[in-house]
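Working through the structure, step by step
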Amino acid sequence: MNPFVYLAVFLFILLGCSSSLLKRQVPTKNIQVQGHRGSRGTHPENTLSSFEEAVSAGADWIEFDLVLSKDDVPIVSHDATISVDLCLDARKKPLTRLIPIKTQTVKQLKAFDCGSVPNPVFPEQKTVPGQTFVTLEEVLIWAKRFPDKKVRFNIETKTSAPQKQFEPNPRKFVDSIVRLLRKYHQIENSILQSFDFRTLAEARKMEPSLKLSTLFDKPGPICKATKELGATIASPNLSLLTQDMIKECHSLGIEIHPWTLNQESDWKSAISLGVDGIITDYPRKLTTFLISSTR
Ligand code: G3P
Ligand code: CA
């Protein structure tokens, strides 16, 4: 046979083996996908349209943030003030001042449109005009539409506010969340996560079966602090991930779900370090990546 044919056959076999070996190197099967603020990379953050996309993409969890309204209703929002960058007022005009959410009733919040302004940080994000603030209760009611998909919730308590008087009381805040999760039978489908460990401690007392997750944006005794709180998940920022920390947490029965990983290279390195879940703005890209990696 022509030596070039031998060479071609040899290279073909070599490449085939190495690509399947590469695919097998990263065990991606049980990685839990968390859609950050729903699917923030593609839809207006923390809106039902964003949650809908995360669920249809096959995310295991939808991650979202909560603050309290003037009438003490848990509202889905990352910020304590209505975003001047992402929302329009009732006349569809840009906001000219910072409005703390704590000064607005649910009815007032419903007048804002937070789906019409493109988010320059996420060029792939489409606008969905008319998307407005939703309450936690509305999310729980909306989720009933997906009985077969079993939507699960990673709920973050946001407690910092521009002025002290707008900061929620941790116990009351958690109480308003736990009551709703109980009402809609979603305790076992939910995680409560926070940077503010006071809310996690309150939740531990109030509803010991609710899964808790500690958030970290700075180095520290991540596993120890998580264990002490009785939390079973730690969510460090990507920059804090180390194999030693992951091993230590695993030895204490703690899962690791880092945030916010949007690049394939980061997914690969986090998975090879041993994480259990990944919080991403692009749940569809991540689920596609995980499926293709296990083939
Ligand atoms: O899920 C963790 C992550 O959401 C924390 O950061 O600022 O997006 O709420 P942030
Ligand atoms: Ca969050």
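Above this text sits the structure in question.
Residues numbered from 1 in each chain as written. Chains lettered and ligands numbered in written order. Predicted model: local features only at pLDDT ≥ 70, side-chain atom pairs only at ≥ 80, totals over all residues. Heavy atoms only, no water.

1. A word on the coordination of the calcium ion (ligand 2)
Six octahedral donors around a metal ideally make angles of 90 or 180 degrees; four tetrahedral donors ideally make 109.5 degrees. Where we set the bar: For Na, K and Ca the donor cutoff is 3.2 Å, while for all other metals N, O and S atoms count as donors only within 2.8 Å; water does not appear among the atoms, so some sites may look incomplete. Working definition: helices are DSSP H or I runs of at least four residues, strands are E runs of at least two. Numbering for both runs from the N terminus. Note on exposure labels: buried denotes an accessible area under 20% of the residue type's maximum, exposed denotes more than 50%, and partly exposed covers the range between, all computed with a 1.4 Å probe on protein chains only.
With distances of 2.2 to 2.3 Å, the protein atoms coordinating the calcium ion (ligand 2) are Glu63 (OE), Asp65 (OD) and Glu156 (OE). All donors to the calcium ion (ligand 2) come from one chain, and their sequence spacing reads E-x1-D-x90-E. Taken together, the residues span a long stretch of sequence, with Glu63 in strand β2 (residues 61-68) and Glu156 in strand β4 (residues 153-157) at a distance of 93 residues. Take Glu63: its relative accessible area is 2%, and that puts it in the buried class.

2. What to know about the state of the cysteines
As a reminder of what qualifies: The rule for a disulfide is simple: a pair of cysteine sulfur atoms within 2.5 Å.
All told, the structure shown has two disulfides when counted by the stated rule. Between the sulfur atoms of Cys87 and its disulfide mate Cys114 the distance is 2.2 Å. Judged by the sign of its S-S torsion, about 110 degrees, the cystine formed by Cys87 and Cys114 is right-handed. Remark: Cys114 occurs in the loop between α3 (106-109) and α4 (136-142) and Cys87 occurs in the loop between β3 (74-76) and α3; sequence separation between them is 27 residues. The two residues Cys87 and Cys114 agree in class, both being buried. Sulfur-sulfur distance for the disulfide between Cys223 and Cys249 comes to 2.2 Å. Around the S-S axis, the bridge from Cys223 to Cys249 shows a dihedral of about -100 degrees and counts as left-handed. Of the two residues, Cys223 sits in helix α7 (residues 222-229) while Cys249 sits in helix α8 (residues 243-251), which places them 26 residues apart along the sequence. What makes Cys223 buried here is its relative accessible area of 1%. Of the residues examined, Cys249 reaches a relative accessible area of 0% and is grouped as buried. If the cysteines joined by disulfides in the protein are listed in sequence order, their pairing comes out as 1-2, 3-4.

3. Digging into the side chain of Asn119
Using the following cut-off: What makes two residues a contact is simply this: any of their non-hydrogen atoms within 4.5 Å.
Of note, Asn119 is situated in the loop between α3 and α4. The residues contacting Asn119, other than those within four sequence positions of it, are Glu45, Leu86 and Gln125.

4. Examining the site of ligand 1
Put simply, the rule reads: Being near a molecule or strand, for a residue, means having at least one of its heavy atoms within 4 Å of it. Two N or O atoms count as a polar contact when they lie within 3.5 Å, although within protein this holds only if one can serve as hydrogen donor and the other as acceptor, and sequence-adjacent residues are included solely when both atoms are side-chain atoms. For the area figures, the Shrake-Rupley method with a 1.4 Å probe applies, and any residue is considered shielded solely by the protein chains shown. Under the scheme applied here, ten amino acids are nonpolar (Ala, Val, Leu, Ile, Met, Phe, Trp, Tyr, Cys and Pro), four are charged (Asp, Glu, Lys and Arg), and all others, including Gly, are polar.
As a matter of local geometry, ligand 1 sits amid His36, Arg37, Glu63, Asp65, His78, Glu156, Lys158, Gln193, Phe195, Leu215, Trp259 and Ile279. Interatomic distance of 2.7 Å between a side-chain N/O atom of His78 and an oxygen atom of ligand 1. Separating an oxygen atom of ligand 1 from a side-chain N or O atom of Gln193 is a distance of 3.3 Å. Against a free-state accessible area of 290 Å², the protein chains account for coverage of 91% of ligand 1. Taken together, the residues of the shell around ligand 1 sort by class into four nonpolar, three polar and five charged.

5. A closer look at α7
Applied cut-off: Starting at the helix axis, one direction is taken to each C-beta atom, and the arc is that of these directions.
Considered for burial, the residues of α7 that qualify are Ile222, Cys223, Ala225, Thr226 and Leu229. Down the axis of α7, the buried side of the element spans an arc of 165 degrees, and every buried residue falls inside it. Elements in contact with the buried residues of α7: α6 (197-206), β6 (211-216), β7 (233-236) and α8. At the exit of α7 stands Gly230, carrying a positive phi of roughly 80 degrees.

6. Points about the nonpolar core
We count it as follows: Here, the term nonpolar core denotes a set of buried Ala, Val, Leu, Ile, Met, Phe, Trp, Tyr and Cys residues that are joined through side-chain atoms within 4.5 Å.
Ile62, Phe64, Val139, Trp142, Phe153 and Leu192 are the most contacted members of the largest nonpolar core, which has 57 residues in total. In terms of residue count, helix α5 (residues 170-183) provides more of this core than any other element does, six residues in total. In contact with Val139, other than residues within four places in its own chain, are Leu48, Phe51, Ile62, Phe64, Val76, Val134 and Phe153. Among the nonpolar cores identified, the runner-up in size contains twelve residues, and Ile75, Leu95, Ile99 and Leu109 belong to it.

7. Some points on the packing of aromatic side chains
Geometry of an aromatic ring pair is reported as the spacing of the ring centres plus the angle between the planes. To keep it simple, the criterion reads: Aromatic contacts are taken between Phe, Tyr and Trp rings whose centres are within 6.5 Å, Trp giving its six-membered ring; a plane angle under 30 degrees counts as stacked, one over 60 as edge-to-face, and the others as tilted. As a reminder, the over-ring test applies to NZ of lysine and CZ of arginine, requiring each to be within 6 Å of the ring centre and within 35 degrees of the ring normal.
Scanning all chains against the criterion turns up eight aromatic pairs. When the ring of Phe51 is compared with that of Trp142, the centres are 6.1 Å apart and the planes differ by 55 degrees; the resulting orientation is tilted. You can see Phe51 sitting in helix α2 (residues 48-56) and its partner Trp142 sitting in helix α4, a full 91 residues away along the chain. Side by side, Phe51 and Trp142 carry an identical accessibility label, which is buried. Measuring from ring centre to ring centre gives 5.0 Å for Trp142 and Phe146, while their planes differ by 65 degrees; the resulting arrangement is edge-to-face. Neither residue differs from the other here; Trp142 and Phe146 are each classed as buried. Here a set of aromatic residues connected by ring pairs shows up, and it is made of Phe51, Phe64, Trp142, Phe146 and Phe153. Seen from the ring of Trp61, Arg152 lies directly overhead, with NZ or CZ sitting 4.0 Å from the centre. Sitting above the plane of the Tyr282 ring, Lys285 keeps its charged end 4.4 Å from the centroid.

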